[in-house]
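# Understanding the architecture of this molecule
Single-letter residue listing:
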Amino acid sequence: NRPLYKEDENRKHIQAMKRVDAILVGDIHLRENKPICKTDDWEQAMKTKLSLIRETAEKHNVPVICAGDVFHVWDASPWLISFALENLPDGMITIAGNHDIPRHNPDLIKWSALHTLSKAGKIHLLSHGCIERINGIDLIPFPFGCQIDVPDSLLKDCKPLFIIHKFIYHFQCQ
């Protein structure tokens, strides 16, 4: 039962952690079929995890911000959309990930299950170029397929949180 942090070295860090500004999540990948690597009750496991996120946000009265891929596929079934409506945190702020949009084309977002959740008022879907201030944090969204470019002028008098969904792993064969 060792402490996670050495008390003397991390006292300031621990004190700073007492204030929660937001709950940050990403790649939730809601899906109907159980991944092959899972052996648990997949539906119950998804409910439990979403409940933990929702309850933590409510406890601290902070928003939940998702960096995309709410769904595993863009054309989720009516059952899965209903599951999302019942279990995602109300008002969750999100951007579109590559799995959330048809053919990885941001112009087709209106055909997606994510767009349905937005139209139903369950989530708040951020678009590229639309900066929003929430709880004193400037949310700067870069959904999948958007170029990441930030003018220096944007960062003046700003507490930015860049919400990015981009594949950045680079592998080189030798």
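Values in this document were obtained by computation on a predicted structure and should not be read as measured data. (Residues numbered from 1 in each chain as written. Predicted model: local features only at pLDDT ≥ 70, side-chain atom pairs only at ≥ 80, totals over all residues. Heavy atoms only, no water.)

### Looking at the overall build of the protein chain
Counting its secondary structure elements, the protein chain contains four helices and seven strands. Taken from the N to the C terminus, the helices and strands of the protein chain come in the order α-β-α-β-α-β-α-β-β-β-β. Considering the protein chain as a whole, with its 174 residues, one finds that 37% of them fall into the buried category. Put simply, 67% of the contacts in the protein chain that link residues at least 6 apart link residues at least 24 apart. (Helix = DSSP H or I, 4+ residues; strand = E, 2+ residues; numbered from the N terminus. Buried < 20%, exposed > 50% of the residue type's maximum accessible area, 1.4 Å probe, protein only. Contact = heavy atoms within 4.5 Å.)

### Looking at the packing of aromatic side chains
Scanning the model with the defined rule gives two aromatic pairs in all. Taken together, a centroid distance of 5.5 Å and an interplanar angle of 25° make the contact between W79 and F83 stacked. With W79 and F83 both in helix α3 (residues 78-87), this residue pair falls four residues apart, about one helical turn. Both rings, one in F142 and one in F162, keep their centres 6.3 Å apart while their planes meet at 25°; by these two values the pair is stacked. Here F142 is found in strand β6 (residues 137-142), whereas its partner F162 is found in strand β7 (residues 160-164), with 20 residues between them in sequence. A relative accessible area of 3% means that F142 is categorised as buried. (Phe/Tyr/Trp six-rings, centres within 6.5 Å; stacked < 30°, edge-to-face > 60°.)

### A few points about the environment of I164
Relative to the assigned elements, I164 resides in strand β7. Owing to a relative accessible area of 35%, I164 belongs among the partly exposed residues under this scheme. Between the C-alpha atom of I164 and that of I148, which follows or precedes it by 16 residues, the distance is 8.2 Å. Excluding its chain neighbours within four sequence positions, the residues that come into contact with I164 are A67, I95, F142 and I148.

### Describing the sheet that holds strand β1 (residues 23-25)
Pairing is parallel across the open sheet formed by four strands, whose spatial order is β1-β2-β3-β4. Lying at the two open borders of the sheet, with one neighbouring strand each, are β1 and β4 (123-125). Along the sheet, successive strands turn relative to each other by an average axial angle of 25°, direction set aside. As defined by bridge partners, strand β3 (residues 92-94) adjoins β4 across three bridges and the pair is classed as parallel. Its bridge partner lying in β4, T94 is registered against L125. In the packing of helix α2 (residues 42-60) onto the sheet, the strands contacted are β1 and β2 (64-66), and the crossing angle to β1 comes to about 155°. (Pairing = 2+ DSSP bridges. Axes fitted to C-alpha atoms, helices over the stretch in contact; angles between N-to-C directions.)

### Side note on the pattern of salt bridges
Evaluation of the coordinates by the stated rule reveals four salt bridges. Among the salt bridges present, the one from K159 reaches D21, with a minimum N-O distance of 3.7 Å. Taken together, the positions of K159 in the loop between β6 and β7 and D21 in the loop between α1 (7-16) and β1 put the pair 138 residues apart, joining distant regions of the chain. Overall, the relative accessible area of 40% leaves K159 in the partly exposed class. Close ionic contact of K122 with D90 constitutes a salt bridge, the shortest N to O distance being 2.4 Å. Taken together, the residues span a long stretch of sequence, with K122 in the loop between α4 (113-119) and β4 and D90 in the loop between α3 and β3 at a distance of 32 residues. Its relative accessible area of 7% is what places K122 among the buried residues. (Salt bridge = Lys/Arg side-chain N within 4 Å of Asp/Glu carboxyl O.)

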